Amino acid sequence: MAKGNISVDSENLFPIIKKWLYSDKDIFLRELVSNGCDAVTKLKKLASIGEAQIDENEKFKVTVSIFKDAKKLVISDNGIGMTAEEIDKYINQIAFSGASDFLSKYKEEDDKGSQIIGHFGLGFYSAFMVADSVEIDSLSYQDGAKAAKWTCDGSMEFDLTDGDRTERGTTITLNIAEDSEEFLEESTIRQILHKYCAFLPIEIYVEVPEDKHEDHCDCGHDHDHEHEDDTPSEPKPINNTTPLWMKKPSECTDEEYKEFYRNVFMDFNEPLFWIHLNVDYPFNLKGILYFPKINHEFAGQEGQIKLYNNQVFVADNVKEVIPEFLMLLKGVIDCPDLPLNVSRSFLQNDGYVKKISSHITKKVADKLTSIYNNERENYEKYWDYINIFIKYGCLRDEKFYEKVKDVIIYKDIDGKYLTLDEYLDGKEEKDVYYVSDPQTQSQYINMFKNQGLNAVVLPSMMDTHFISLVEMKQTGVKFKRIDSAINDISDNTEKDDSTKEQEEKLIEKFKNEIKDDTLKIEVQSLKDDSIPAVILLGEQSRRMQEMYKAYGQQMAGMADMFHDEFTLVLNSNNSLIKKIDTLNDEDANLVIDHVYDLAKISHSPLPAEQMTKFIERSNKLLEKLF
């Protein structure tokens, strides 16, 4: 028997562990179970090189046993085991040193920006976050080894004695503290294991020995023959030891990909498509990224990308590893070589991590390009769901934009999909007309269709930012909303002096009746003579106005700089406009107000007061007909 002190300068290390990692208290189980899996993996490795003897039929496993009444949680494995000397080395020296170094670096860092990823390396001593005392009982694989038991009550003292274990492996017993008794609930343990250990490579079992059926009880009922025909069911592991991402893509079927998606993300809407990452050089990276159906901007929710380290769950959505715009996707990424015992700020600046992030971005861009080139029809079907993701990625990552710019497509007013080059093909000017709201801009759409012109549909707030990016990247390209200009739908024939004079008089009549100094009024000959007038809204002023609304507080005090610049265009080819000069003043003003309101309605809904006047005026006009 041996007694000793764990060498450390401060005797308050265990309280620090409990306090500092309180929000991540459940990681103790991940650490202990993954240590058990490591012990089995090491034994298998030794056996493969002839340095250990194992039964080829032996079933390797890690078992978590819950003894609620005794307030004990037991984690056992049949792995490599440890001798007393190894316990002294790996528990008293190395493991404790690692825990001490870990805390000396990070206990003062409280901001979330310095949060530690994963906490790997804290290892065995994380058990003291939930336990008053901990016992290790281990028997090494080595011939002639004796079992050894290590006990520590959370102070700096430990006991190292002969152990009780008779089979190779390690048993760790946690005497659960009063403030951590939730970890004696089977549902809690299963939930933690499902979260962190669902894909560990060694089978994991949960046992609750106190719940096993006994033939006699205090209820007075004879149970001796009640279940004599019952056969106990074979216990099932809680984990999948060969997750799909560890297989080669050629070994996986579409149905397996879909089933994995449903099981991991509890999403029963089928993903559109997926990318299977399988890289061995220059870094080790495996995973699967799924493209879910994304619509309605971001659908009010973030995606979910799970980060693993050697099949052990670390965290969701680690933005230092996975590009921000990919957070709209769902998937799993396994990075065995990722440095985890560091702060997020270090990860953010780590060159290795940046290479991983860049590689993931490249694989996503390559997949999109491949579908566009080889499955154009499917790509177009996906577009309504994935365009938000692609545009957001272009805005966030210039390299991603450069990779996918040629496969960005636009839906036109006839429901067809075109690239920018296909839309501009044959045009002298690089003007791209677009519709932001097909319903309210329906009159303008009809005018375009009647003239054989085309426009693309860009209904999202994201599109406002995206078209600015395209204009910056593509020389000469200008996006114009369909209600911002009518050069292509008007007759631009040179007007004589007499015509100009008549138009000036007509403009003056409208100005005198409308009485709005900010409204520009002009006369043009629209090719469609059925429309008396249209409202135009300047593209740049409208964009500035939208930017002001989006960043209101940040641009406070600048409101006067951003006004909508409306222009009322009167159609000189329309019969109603031609007749205004022949009407008496009262009727002419009635028609002028009505034409103006009709133009406004075709552009956007009227405010309540103006709508009331419009209805009253409509009734007057109807009365004049009879």
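Residues numbered from 1 in each chain as written. Predicted model: local features only at pLDDT ≥ 70, side-chain atom pairs only at ≥ 80, totals over all residues. Heavy atoms only, no water.

Looking now at the overall build of the protein. A count of helical and extended segments in the protein gives 17 helices and 22 strands. The buried share among the 626 residues of the protein stands at 48%. Counting only contacts in the protein whose residues sit at least 6 apart along the sequence, the fraction spanning at least 24 positions is 73%. Just so you have it, the protein exposes about 33,200 Å², and 46% of that area is on carbon and sulfur atoms. (Helix = DSSP H or I, 4+ residues; strand = E, 2+ residues; numbered from the N terminus. Buried < 20%, exposed > 50% of the residue type's maximum accessible area, 1.4 Å probe, protein only. Contact = heavy atoms within 4.5 Å. Areas by Shrake-Rupley, 256 points an atom, 1.4 Å probe, with all protein chains shown as cover.)

Before going further, it helps to spend a moment on the layout of surface pockets. Roughly 600 Å³ of internal volume is contained in the second largest pocket. In terms of lining, the second largest pocket is formed by 22 residues, of which the most central are Asp516, Tyr596, Asp597, Lys600 and Gln610. Every element with two or more residues in the lining of the second largest pocket is listed here: α13 (497–514), α16 (585–603) and α17 (608–625). When residues in the lining of the second largest pocket are grouped by element, the largest group, five residues, is from α16. Here the residues of the lining of the second largest pocket sort into eight nonpolar, five polar and nine charged. (1 Å grid on protein atoms, 1.4 Å probe; cavity = no way out; pocket = protein on both sides within 12 Å on 5 of 7 lines; lining within 4 Å. Points joined across faces, edges and corners; volume = space filled by probe spheres on them. Nonpolar A, V, L, I, M, F, W, Y, C, P; charged D, E, K, R; others polar.)

Okay, the packing of helix α7 (residues 351–374) against helix α8 (residues 376–396) next. Relative to each other, α7 and α8 sit at 145 degrees, their axes nearing to 8 Å. At the point where α7 passes α8, the crossing takes the left-handed sense. For the pair α7 and α8, the contacting residues are Val364, Leu368, Ile371, Tyr372 and Asn374 in the first and Arg376, Tyr379, Tyr382, Ile386, Phe389 and Ile390 in the second. Across the contact of α7 with α8, the residue classes break down as nine nonpolar, one polar and one charged. (Axes fitted to C-alpha atoms, helices over the stretch in contact; angles between N-to-C directions. Left-handed = near helix turned anticlockwise from the far one by under 90°.)

Here we come to helix α2 (residues 27–48). End to end, α2 covers 31 Å across 22 residues, agreeing with the expected 32 Å (1.5 Å per residue, within 8%). Phi for Gly50, located one or two positions after α2, is positive at around 80 degrees. (Expected span 1.5 Å × (residues − 1).)

Most of strand β22 (residues 566–571) is tucked away: five of the six residues are buried. Pairing analysis gives five bridges linking strand β20 (residues 520–526) to β22, with the strands arranged parallel. When the sheet's bridge partners are listed, Glu522 is paired in β22 with Val569. By the bridge criterion, five bridges tie strand β21 (residues 533–537) to β22 in an arrangement that is antiparallel. By the bridge assignment for β22, Ile535 is matched with Leu568. (Pairing = 2+ DSSP bridges.)

Let's shift gears to the sheet that holds strand β17 (residues 456–457). Within the open sheet, the three strands sit side by side as β17-β16-β18. Their pairing is parallel. Taken across any chain shown, the strands that pair with only one partner, and hence form the sheet edges, are β17 and β18 (478–481). Sheet analysis places strand β16 (residues 431–435) next to β17, joined by two bridges and oriented parallel. Directly across from Tyr434, in β17, lies its bridge partner Val456.

Another point: the state of the cysteines. The full count for this structure, using the stated rule, is zero disulfides. For the unlinked cysteine Cys37, the closest cysteine sulfur is that of Cys197, found at 7.0 Å. (Disulfide = S-S within 2.5 Å.)

This part takes up the packing of aromatic side chains. Under the counting rule described, the total for this entry stands at 29 aromatic pairs. Relative to Tyr308, the ring of Phe199 has its centre 5.9 Å away and its plane inclined at 70 degrees; by these criteria the two rings are edge-to-face. Of this pair, Phe199 sits in the loop between α4 (186–197) and β8 (203–207) while Tyr308 sits in strand β11 (residues 304–309), and the two are 109 residues apart along the sequence. One exposure class covers both Phe199 and Tyr308, and it is buried. On the basis of an interplanar angle of 70 degrees and a centroid distance of 5.6 Å, the ring pair of Tyr308 and Phe313 is categorised as edge-to-face. (Phe/Tyr/Trp six-rings, centres within 6.5 Å; stacked < 30°, edge-to-face > 60°.)

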